[in-house]
Amino acid sequence: MLQVQNIEKVYGSRNNVTKALDRVSFDVADGEFLVIMGASGSGKTTLLNCISTIDMVSAGKILMDGVNVAELSEDALAKFRRERLGFVFQDFNLLDTLTVEENIGLALSLNHADPKTVQTKVREIAGKLGITDILAKFPYQISGGQKQRTACARALVAGQSLLLADEPTGALDSRASKNLLELLSLLNRDMGATILMVTHDAYSASYAKRVLFLKDGRVFNELLRGGRERSVFYHEILDVLAALGGDVSDVL
């Protein structure tokens, strides 16, 4: 689905250049759950910004289903973001003036989709995530877990190909974090969602099928979970983080 080919991202002027990404390459298969890890300044957020087209690479290519996103027109790029990418934010970014149903279907409505089509798609995804009974409520009337499910429903309602999550558990307590991670695993396992998540947290990363480690803008290592228990994978992730060197507290 996604191919990152030898990308570089350079900031600054000729006399003061910072290379945030240095010839990074990897693929993401359809239905994969991939985590990007690294210490502060390793380039992981820059990488996610480039994949999400918030920023553009200085060199190399990012392909979605064989299409180079850098070659898309402004209109085509906006359409690509709406239809192909879903986002899960730390604070969910739900609008309190809209009902849960309206929040989930907002992007479809902004795309001028037929109201009946919007309602059908919203109710379908809400049913899969177990939130049909709260569709008429407002975000301030529902629990944190229900907000998580609403945010995930919104990210997937249009049939988006790739779900992007940047430190989604960063503002959550341990129980809410676990609930969100289990929800993402469910979306990946039962609904076939392709997920790319950036995190500094080894526990969060242990829910993925593969972890890619960045150091100084380059791919340092990667781990495949395979059939191992999550607890075993978690300790393997910690071992790689220790091997990264530097201030491990920046990562853990």
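Refer to the structure printed above.
Residues numbered from 1 in each chain as written. Predicted model: local features only at pLDDT ≥ 70, side-chain atom pairs only at ≥ 80, totals over all residues. Heavy atoms only, no water.

(A) Up close: the packing of aromatic side chains. Applying the stated criterion across every chain yields a total of two aromatic pairs. Taking 5.8 Å as the distance between ring centres and 10 degrees as the angle between the ring planes, the aromatic pair formed by phenylalanine 138 and tyrosine 140 counts as stacked. (Phe/Tyr/Trp six-rings, centres within 6.5 Å; stacked < 30°, edge-to-face > 60°.)

(B) Focus on the packing of helix H6 (residues 144-156) against helix H7 (residues 174-191). At a minimum axis separation of 10 Å, H6 and H7 run at an interaxial angle of 35 degrees. Judged by the twist between their axes, the crossing of H6 over H7 is right-handed. On H7, the residues that touch Gln148, Arg149, Cys152 and Leu156 of H6 are Ala176, Asn179, Leu180, Leu183, Leu184, Leu187 and Met191. Looking at the contact of H6 with H7, its residues break down into eight nonpolar, two polar and one charged. (Axes fitted to C-alpha atoms, helices over the stretch in contact; angles between N-to-C directions. Helix = DSSP H or I, 4+ residues; strand = E, 2+ residues; numbered from the N terminus. Left-handed = near helix turned anticlockwise from the far one by under 90°. Contact = heavy atoms within 4.5 Å. Nonpolar A, V, L, I, M, F, W, Y, C, P; charged D, E, K, R; others polar.)

(C) Fine view of the layout of surface pockets. A volume near 380 Å³ is recorded for the largest pocket. Lining the largest pocket are 15 residues, with Leu85, Phe87, Phe89, Ala107 and Arg154 positioned closest to its centre. Those elements giving two or more residues to the lining of the largest pocket turn out to be helix H2 (74-84), strand S6 (85-88), helix H4 (106-110) and H6. For the lining of the largest pocket, a count of residues per class yields eight nonpolar, four polar and three charged. Space inside the second largest pocket adds up to approximately 280 Å³. In terms of lining residues, the second largest pocket is bounded by 18 residues, among which Ile125, Leu156, Gly159, Gln160 and Met191 are the most central. Going through the elements one at a time, helix H5 (115-128) and strand S7 (162-166) are the ones with two or more residues in the lining of the second largest pocket. In terms of residue count, H5 provides more of the lining of the second largest pocket than any other element does, four residues in total. Among the residues forming the lining of the second largest pocket, the class breakdown is nine nonpolar, five polar and four charged. (1 Å grid on protein atoms, 1.4 Å probe; cavity = no way out; pocket = protein on both sides within 12 Å on 5 of 7 lines; lining within 4 Å. Points joined across faces, edges and corners; volume = space filled by probe spheres on them.)

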